[in-house]
Structures are given as C-alpha cells and as structure tokens.
Amino acid sequence: MATATITPTRANADPAKGRGVVLYDGVCPLCQRSVRVLKKLDWFGLLHYQDCRDTANLPPSEVPLALSRMLEEMHVVTPDRKHAYAGFAAFRWMAWRLPVTAWLAPLLYLPGVPWLGRRAYLWVARHRYDLVPCGDGGCQVRLPAKRAEDRGQGTDPKPPVV
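Heads up: these notes are all about the structure in this document. Just so it is clear, the structure is predicted and the values come from calculations on it, not from any experiment.

## Thoughts on the nonpolar core
So, step 1. Grouped together as the largest cluster of nonpolar side chains are 17 residues, with contacts concentrated most on V22, L47, Y49, V76, W93 and M94.
So, step 2. Sorting the residues of this core by element identifies strand 2 (20-24), helix 1 (29-41), strand 3 (47-51) and helix 3 (88-97) as the ones contributing at least two each.
So, step 3. It is helix 3 that provides the largest number of residues to this core, a total of four residues.
So, step 4. Aside from chain neighbours lying at most four places away, what touches M94 is V22, L38, L47, M74, V76 and T101.
So, step 5. If you look at the next biggest cluster of nonpolar residues, it comprises eleven residues, including L23, M70, V77 and A84.

## A few points about the packing of aromatic side chains
So, step 1. Counted by the stated rule, this structure contains two aromatic pairs.
So, step 2. Ring centres of W96 and Y109 lie 6.1 Å apart, and the angle between their planes is 45°; on these two criteria the pair is classed as tilted. Taken as a pair, W96 in helix 3 and Y109 in the loop between helix 3 and helix 4 (113-131) lie far apart in primary sequence, 13 residues in all.
So, step 3. Note on Y109: relative accessible area 24%, which makes it partly exposed.
So, step 4. The ring of Y109 has R92 lying over it, and the distance from NZ or CZ to the ring centre is 3.8 Å.
So, step 5. Over the ring of W93 we find R97; its NZ or CZ atom is 3.8 Å from the centre of that ring.

## As for the sheet that holds strand 2
So, step 1. Taken in spatial order, the four strands of this open sheet run 3-2-5-6, and their pairing is mixed. Each edge of the sheet is formed by a strand with only one pairing partner; in this case those strands are strand 3 and strand 6 (84-86). The sheet shows a mean angle of 20° between the axes of neighbouring strands, taken without regard to direction.
So, step 2. Here strand 5 (residues 75-77) runs beside strand 6; their pairing, made up of three bridges, is antiparallel. Bridge pairing in strand 6 places V76 opposite Y85.

## A few points about helix 3
So, step 1. Most of helix 3 sits inside the fold, with seven of its ten residues counted as buried.
So, step 2. Listed as buried for helix 3 are F88, A89, A90, R92, W93, M94 and A95.
So, step 3. Buried residues along helix 3 sit against strand 2, helix 1, strand 3, strand 5, strand 6 and helix 4.

## Section: the pairing of strand 3
So, step 1. Burial runs high along strand 3: four of the five residues are buried.
So, step 2. As a crossover connection, the stretch from strand 2 through helix 1 into strand 3 is right-handed.

Conventions we followed
- Residues numbered from 1 in each chain as written.
- Predicted model: local features only at pLDDT ≥ 70, side-chain atom pairs only at ≥ 80, totals over all residues.
- Heavy atoms only, no water.
- Core = buried A, V, L, I, M, F, W, Y, C linked by side-chain atoms within 4.5 Å.
- Buried < 20%, exposed > 50% of the residue type's maximum accessible area, 1.4 Å probe, protein only.
- Helix = DSSP H or I, 4+ residues; strand = E, 2+ residues; numbered from the N terminus.
- Contact = heavy atoms within 4.5 Å.
- Phe/Tyr/Trp six-rings, centres within 6.5 Å; stacked < 30°, edge-to-face > 60°.
- Lys NZ or Arg CZ within 6 Å of the ring centre and 35° of its normal.
- Pairing = 2+ DSSP bridges.
- Axes fitted to C-alpha atoms, helices over the stretch in contact; angles between N-to-C directions.
- Right-handed = clockwise from strand over helix to strand, strands pointing away.

This is a description of form; function is not addressed.
Laid out in structure tokens, this is it:
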C-alpha cells in the first residue's frame, strides 16, 4: 500500500515564516504535554507548534511530509523550509535553538548517543498512548507499524555553524 504524502505548495500561507515548525499529533496527550513544555523553553519564539492532523494548514516544505510518519514521530520543518527532521533528529535540531537545552545539544552527537536516542525516542513514540492516561477518547487511535518506504525520511541534522 502506498503512503500518502502531503506536499504543501508555496502558494499556501506560511503560518510561521522564519520559524521552525514543530508538527505533532494533536490528539496525543503526551505530545500535547511535550509541546506545552517546549513552549515554555522557547524563550525567543523560534518555533511554531502545529497539529500535523491539520493538513490543510501545513507549512510550505520542499520535503514531502507523510501524514503517517508525522503521526508516528514528531517532525520539525526548518525555517528555510528545505529540511524536515523526525523523532530524535528533530529533538536534536530543537536542542540547539532552545536556550535551556543548548548546552545539551553537543552531547547528543557523542558516539552511541544517537543510536540510543533514536531507540528511546521510538519506544516512547510507539507507547505514548499507554504512558499518559487520557479520558477524552483521543488515546483510542492506534497507528500501523512503520513501513519500509517511510524509514528514509528525517535524517540527522548537522550542528549549526557558529
């Protein structure tokens, strides 16, 4: 079965011009809680937070965005809209830009840390509906297993040149 991808056009209004866009699962309580924490850490307003299920208002992106992948892992579309990072790679990209976590960012590149970070992130992502209790029925959504054709998206970002 083919994976549907969403490719916003440049004609779409950019909801966050000049800012990175964090795309998260808006019905996931853990994702909602994570975004609340990120907003508190984003002192300079460098990020915009958007429910990936709102596909009509996704930011313009040169990288096709697959809804199935965005529901499996948080994504970040860079401010220039040329790159999209997923999961642990998105976390590393954000760590460089948040004042509270900037000191941690170089450590996320140490040998073994990316391997462990990717696995830990994927475990949490796969079990996120079981980790946070919910009472509104939103946690009843279950996602299919990751497909091979989706695995190539979201390569690790390079640290910014200082």
